[in-house]
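# Overview (structure and organization)
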Amino acid sequence: MFEKSVYIKRRNQLRKDVSSGLILFLGNPEASMNYPANTFHYRQDSNFLYFFGHNLPDLAGIVDVDNGKDLFFGNDVDIDDIIWMGPQESMREKAERVGVENCEPFNRLFDYVGEAIKKGRKIHFTPPYRALNIILLEKLTGIHPSKIKSYASLELIRAIVKQRSIKDKFEIAELEKAADIGSLMHTSAMRFVKPGIIEQEVAGYIEGIALSKGNGVSFPVILSVNGEILHNHSHNNIMREGDLLVIDSGAATFMDYASDFTRTLPVSGRFLPEQKAIYETVLEANMKSIEACKPGVTYKEIHLMASRIIASGLKDFGLMKGNIDNAVEAGAHALFFPHGLGHMLGLDVHDMEDLGQIYVGFDDEIHPASQFGLASLRLGRRLQEGFVITVEPGIYFIPALIDIWKGEGKYSEFINYDKVEKLKGFGGIRIEDDVLITSDGYHVLGKPLAKSVKDIEETMADKTQNV
Ligand code: GLY
Ligand code: MN
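### Description of the sheet that holds strand β15 (residues 442-444)
Pairing is antiparallel across the open sheet formed by three strands, whose spatial order is β11-β14-β15. With partners counted over all chains shown, the strands left at the sheet margins are β11 (388-391) and β15, one partner each. Along the sheet, successive strands turn relative to each other by an average axial angle of 35 degrees, direction set aside. By the bridge criterion, three bridges tie strand β14 (residues 433-437) to β15 in an arrangement that is antiparallel. Across the sheet, residue I437 finds its bridge partner in β15, namely Y442.

The following block contains the structure:
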């Protein structure tokens, strides 16, 4: 947990940015796996963590804008709990650690919210995503569960996005830690991968590293020799000589700040000439995009620049043709690069996505697009000092998509389908780094992680593990 002054400052800022009423933050309860007492790995709500710091279930917080008070709700444990869980810090001590004077039993939340509603005061809350919190909100406000999301406060969403988008020095230090763990996971994977083993062995190995150094993985490990499947969570394939392996994974620190890296490895330890050529294009898109990061530039522009690098590399390779600017404007490159260049990173791997991507990644100036590919861009707006983002271009050969586009003759002025056909079994390549926007440019987070062909091949040749 950070110093209490950090949480006090954040809540005071929120009070300045929200005009009136009462701001309600529901912490997450436990979630059961297969019977009530057997629960999933606990994950606190990120907005609760940001403003009230505690990483424990069954808590709630209120920031009262009208009377300047903060309140902390939760129950002290009894002797039955102590027998099973050991002695626990009291609620009052917990409240004190995040600078809150008013501490109440959980049920008092109903009185506080109920009285506010009777007085006609506005109750601000964020869009709920857990069923139990949707039910709790219904009990607190009387709003039907099917309608509750539409009652989430836009004023609050905008105020939270404004604060959480700019990472302070304490958060940057945590994100650097998360990136160091992520870097270690990927370096360890490079040394572990070899033909003949099953993907799950690598996935389990790196997940263990995340869990041994922090709060586990920041999202389920994506790892596959079928890298053309963008988020492939099944890890059953035996890896073979000649395969390319995409690993997209990151760690959460004990305070739940996230990292998110992708590397693409030749299972044999050496890239084949064709793999190397396409890899170099993705690498160029990754590095030039990172170099373009600085305050004031829109991420949409950088995404389009990466798209042109990809299209141009594919043209050199005979897979695309025609004028590259026109091809990218039309969206033809999205056959090979159907996702966005990146997203915000913070307490969530897709930071603040619970609040609505449109509010996180876009604004009055830059709107989400509807064109296939560009429509998947999660961050389009102008970069600011203190943003932490991912940069993750890729090239994929997706047989089902190739078949549809080819069948429709789509963008046939820009795509050499006969050549593309031959690469249907190629898989995919993605290279992803985590980047802090500084006053005059960028800083790549985490200990250096191999990404050039030479560095990856050298790291894979060295089987010494450092964990
Ligand atoms: N690394 C997972 C994602 O960015 O969606
Ligand atoms: Mn990512």
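### Let's talk about the nonpolar core
Residues F25, I389 and F397 are the most contacted members of the largest nonpolar core, which totals 120 residues. Other than its neighbours up to four places away in sequence, I389 contacts C293, Y299, H343, M344, L345, L379, L383, D433, D434, V435 and I437. The next biggest cluster of nonpolar side chains, apart from the first, holds 21 residues, and it includes L109, V113, I123 and I143.

### With respect to empty space enclosed by the protein
Per the counting criterion, the structure on display carries two cavities of 30 Å³ or more. Along the walls of the largest cavity sit 14 residues, with L26, D45, T126, P128 and N133 positioned nearest its centre. Among the elements of the structure, β1 (22-26) and α6 (131-141) are those that each provide at least two residues to the lining of the largest cavity. It is β1 that contributes the most residues to the lining of the largest cavity, three residues altogether. Per-class residue counts for the lining of the largest cavity are eight nonpolar, four polar and two charged. If you add up the space inside the second largest cavity, you get close to 30 Å³. Contributing to the lining of the second largest cavity are I222, L223, S224, N226, G227, I229, L230, N232, V246 and R430. Among the elements that take part in the lining of the second largest cavity, strand β8 (residues 222-224) stands out by supplying three residues, more than any other. The residue inventory of the lining of the second largest cavity, partitioned by class, reads five nonpolar, four polar and one charged.

### Overview of the packing of aromatic side chains
Geometrically, a pair of aromatic rings is defined through the distance of the ring centres and the angle of the planes. Applying the stated criterion across every chain, the model contains 16 aromatic pairs. Between F336 and F397, the aromatic rings sit 5.7 Å apart at their centres with planes inclined by 65 degrees, giving edge-to-face as the arrangement. Taken together, the positions of F336 in the loop between α12 (324-330) and α13 (357-361) and F397 in the loop between β12 (394-396) and α14 (399-408) put the pair 61 residues apart, joining distant regions of the chain. Residue classification places F397 among the buried positions, given a relative accessible area of 0%. Residues F397 and F426 carry aromatic rings whose centres are separated by 5.2 Å and whose planes lie at 65 degrees to one another, so their mutual orientation is edge-to-face. One end of the pair, F397, is in the loop between β12 and α14; the other, F426, is in the loop between α15 (417-421) and β13 (428-430), and 29 residues separate them in sequence. F426 carries the same exposure label as F397, and that label is buried. Of the aromatic side chains, those joined through ring pairs into one cluster are F25, F48, Y50, F51, F52 and F72.

Thresholds, definitions, all that
- Counting of residues starts from 1 at the beginning of each chain's written sequence and follows it residue by residue.
- To read the labels, note that chains go from A and ligands from 1, taken in the order they are written.
- In keeping with the model being predicted, local features are shown solely for residues with a pLDDT of at least 70 and side-chain atom pairs are shown and tallied solely at 80 or more, while totals for entire chains, interfaces and linings include all residues.
- The basis for the side-chain values is all heavy atoms of the structure; hydrogens and waters are excluded.
- Pairing between strands requires that DSSP locate at least two bridges from one strand to the other.
- Helix numbers and strand numbers start at the N terminus; a helix is a DSSP run of H or I with at least 4 residues, a strand a run of E with at least 2.
- Note on geometry: axes are C-alpha line fits, over the in-contact stretch for helices, and angles between N-to-C directions span 0 to 180 degrees.
- In this text, buried Ala, Val, Leu, Ile, Met, Phe, Trp, Tyr and Cys residues form a nonpolar core when linked through side-chain atoms within 4.5 Å.
- For every residue, the accessible area (1.4 Å probe, protein chains only) is compared with the maximum for its type, and the residue is labelled buried under 20%, exposed over 50%, or partly exposed between those bounds.
- Pairs of residues are marked as contacts when any of their non-hydrogen atoms sit within 4.5 Å.
- A cavity here means a set of points on a 1 Å grid, drawn over the protein atoms and nothing else, where a 1.4 Å probe fits but cannot get out; a pocket is an open set with protein on both sides within 12 Å along at least five of seven lines, and a residue lines either one if it has an atom within 4 Å of a point.
- Grid points are joined across faces, edges and corners, and a volume is the space filled by probe spheres set on the points.
- Each residue gets one label: Ala, Val, Leu, Ile, Met, Phe, Trp, Tyr, Cys and Pro are nonpolar, Asp, Glu, Lys and Arg are charged, and the others, such as Gly, are polar.
- Side-chain rings of Phe, Tyr and Trp, where Trp is taken by its six-membered ring, are said to pair if the distance between their centres is within 6.5 Å; with planes under 30 degrees apart they count as stacked, over 60 as edge-to-face, and otherwise as tilted.

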